[in-house]
Amino acid sequence: MGRLFGTDGVRGVANADLTAELALGLSVAAAHVLGEAGTFAGHRPVAVVGRDPRASGEFLEAAVVAGLASAGVDVLRVGVLPTPAVAYLTGALGADLGVVLSASHNAMPDNGIKFLARGGHKLDDALEDRIEDVYEQHSTGAPWDRPTGSGVGRVKAYDEGLDQYVAHLIDVLPNRLDGLKIVLDEAHGAASQVSPEAFTRAGAEVVTIGAEPDGLNINDGCGSTHLDLLKAAVVEHKADFGIAHDGDADRCLAVDHTGSEIDGDQIMAVIALSMRERGVLREDTVVATVMSNLGFKLAMEREGITFVQTAVGDRYVLESMKQHGYALGGEQSGHVIVLDHATTGDGTLTGLLLAARVAQTGRSLKDLASVMERLPQVLINVPDVDKSRVTTSAELTTAVADAERELGATGRVLLRSSGTEPLVRVMVEAADIEQARAVAGRLADVVKSALG
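Report follows, based on the coordinates.

Definitions and limits used
- Residues numbered from 1 in each chain as written.
- Predicted model: local features only at pLDDT ≥ 70, side-chain atom pairs only at ≥ 80, totals over all residues.
- Heavy atoms only, no water.
- Buried < 20%, exposed > 50% of the residue type's maximum accessible area, 1.4 Å probe, protein only.
- Helix = DSSP H or I, 4+ residues; strand = E, 2+ residues; numbered from the N terminus.
- Pairing = 2+ DSSP bridges.
- Contact = heavy atoms within 4.5 Å.
- Axes fitted to C-alpha atoms, helices over the stretch in contact; angles between N-to-C directions.
- 1 Å grid on protein atoms, 1.4 Å probe; cavity = no way out; pocket = protein on both sides within 12 Å on 5 of 7 lines; lining within 4 Å.
- Points joined across faces, edges and corners; volume = space filled by probe spheres on them.
- Nonpolar A, V, L, I, M, F, W, Y, C, P; charged D, E, K, R; others polar.
- Parallel < 35°, antiparallel > 145°, perpendicular 65-115°, else oblique.
- Left-handed = near helix turned anticlockwise from the far one by under 90°.
- Salt bridge = Lys/Arg side-chain N within 4 Å of Asp/Glu carboxyl O.

**Some thoughts on the pairing of strand S19 (residues 423-430)**
- Most of S19 is tucked away: seven of the eight residues are buried.
- As defined by bridge partners, strand S17 (residues 377-383) adjoins S19 across seven bridges and the pair is classed as antiparallel. Its bridge partner lying in S19, Leu-379 is registered against Met-427.
- Looking at chain direction, strand S18 (residues 411-417) and S19 are connected through seven bridges and run antiparallel. Within the sheet, the bridge partner assigned to Val-413 lies in S19 and is Val-428.

If you want it as structure tokens, here you go:
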């Protein structure tokens, strides 16, 4: 069997790839692996379980709860809440593990299971591998001690979760949002109640769109992957700006008062300067992936903020932050992690901090985001090549070095192998879009010649 866990939990088409049987079996395995600490400490393990509003989340949640309880884990069902809310509650309630049923920004037919360790932290590869090993053992008939009688887990609703999480978000804010008018696009997802409530309690006048989930409309033409509705709404309502979340609200993108997009790099730049001013940007450092725009790196260097790069994926950003004690990191896609207040990307928290900076300075979001200039990016996919040789081809190495010399300090080249397909992605950034296109085209030809 191939590895079940991907970059962010186990995902697939609900009831086809991700079945009730798989959800139940994985939950039993997770109970044995992640519930060990509670068992060794002499108490029954506790799990927090939440989901986004997808229709399939209803039966998958039932399967997960059944699996956990059958393995002797007490379950607190928090209902429809964002991934970062479940992570926060897992830590705040002292639970031994958390489970989120969500496929984030994916279309409605998909769903996913994400397990969280004690404290609300994402699992490392070793823990995921242990869960898979236990799941496979059980799938082949290996016996396990099934509790009976009073040993089975108990299940109850935890209805205080939303208010508890919103209160946490409000406590984090450095200042109120009075006087701001903000449009929120909730992607018909998990933050449809949480985000408007938080922004309203913080003092903002709120206009909501995409906040009527029916189980079938999540991410459907709205949210952070479809910004046109938000752009139009911001202009129509003469709002100060707009915020867009994805289905599980672990990311945040923005739109300024003119309807122009503000991406994750620009959001991080604004928040980084705010945190430094307040003395909470530890080591004056921000962490981002190699996919962040070169303009972000140049802006941070100009402002005297150290820029640390990681591989693509918010898990690698988080690993670097935890290892070195940094306070802020994220991705261009809008996953922003403020480690003092969240264990994962938190779209609502990010939006609130962005709004707080606008309110505190009295400057428009457009003006604040101008601290960095997004350099044009050209991306070309080169299919049907031997991607395994992308780092060893002498011809390709020479071509990349020549291209980087041509681009100079205000340009860069990035070659990435696809994780699932036989293709190589060529990305070129430069201040001059025509130069970027020309360089990318030449490099794509070299990739095809050298690796084809």
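What follows continues from the structure just given.
**Examining the side chain of Ser-320**
- Assignment of secondary structure puts Ser-320 in helix H11 (residues 314-324).
- When neighbours within four sequence positions are excluded, Ser-320 is seen to be in contact with Val-287, Val-308, Thr-310 and Tyr-326.

**Some remarks on the sheet that holds strand S12 (residues 261-262)**
- In space, the five strands of this open sheet follow the order S9-S8-S10-S11-S12, with mixed pairing throughout. Looking at which strands have only one partner, the edges of the open sheet turn out to be strand S9 (205-209) and S12.
- Taken together, the four bridges between strand S8 (residues 181-185) and strand S10 (residues 241-245) define a ladder with parallel strand orientation. For Ile-182, the partnering residue across the bridge sits in S10 and is Phe-241.
- The sheet contacts of helix H8 (residues 228-236) involve S8, S9, S10, strand S11 (252-256) and S12, and relative to S10 the element is tilted by about 155 degrees.

**Quick look at empty space enclosed by the protein**
- What the rule picks out here adds up to three cavities of 30 Å³ or more.
- Approximately 90 Å³ is the volume attributed to the largest cavity.
- Around the largest cavity, the lining residues are Phe-5, Thr-7, Asp-8, Gly-9, Lys-114, Phe-115, Lys-122, Leu-123, Glu-128 and Arg-315.
- When its residues are assigned to classes, the lining of the largest cavity shows three nonpolar, two polar and five charged.

**Regarding the packing of helix H7 (residues 194-201) against helix H12 (residues 347-361)**
- The N-to-C vectors of H7 and H12 enclose an angle of 25 degrees; their axes lie 10 Å apart at closest approach. If you check the angle between H7 and H12, you find them roughly parallel. In the packing of H7 onto H12, the handedness of the crossing is right-handed. Where H7 approaches H12, its residues Val-194, Ser-195, Ala-198 and Phe-199 are matched on the opposing element by Thr-348, Gly-351, Leu-352 and Ala-355.
- Considered class by class, the residues forming the contact of H7 with H12 number five nonpolar, three polar and no charged.

**Section: the sheet that holds strand S16 (residues 336-338)**
- The strand order across the open sheet formed by four strands is S14-S13-S15-S16, and the pairing between neighbours is mixed. Here the strands that pair on one side only, and so sit at the sheet edges, are strand S14 (306-310) and S16. Each neighbouring strand pair of the sheet contributes to a mean axis angle of 20 degrees, computed without reference to strand direction.
- Two strands pair when backbone bridges link them, and strand S13 (residues 285-289) and strand S15 (residues 328-330) are joined in this way by three bridges, in the parallel orientation. In the sheet register, Val-286 faces S15, and the bridge partner there is Leu-328.
- Each of S13, S15 and S16 touches helix H9 (residues 264-277); the most contacted strand, S15, lies at about 175 degrees to it.

**Regarding the pattern of salt bridges**
- For the coordinates displayed, the defined rule picks out 30 salt bridges.
- Between Arg-77 and Glu-61 there is a salt bridge, and its shortest N-O distance comes to 3.5 Å. With Arg-77 in strand S3 (residues 74-80) and Glu-61 in helix H3 (residues 56-70), this pair connects stretches of sequence that are 16 residues apart.
- With relative accessibility at 31%, the residue Arg-77 sits in the partly exposed group.
- Under the relative-accessibility criterion, Glu-61 is labelled buried at 6%.
- As a salt-bridge pair, Lys-122 and Asp-314 come within 2.7 Å of each other at their nearest N and O atoms. Within this pair, whereas Lys-122 is found in strand S6 (residues 121-122), its partner Asp-314 is found in helix H11, the two being separated by 192 residues in sequence. Each member of the pair Lys-122 and Asp-314 is classed as buried.
- One continuous salt-bridge network, built from bridges that share partners, spans Asp-8, Arg-11, Lys-114, Lys-122, Asp-248 and Asp-314.

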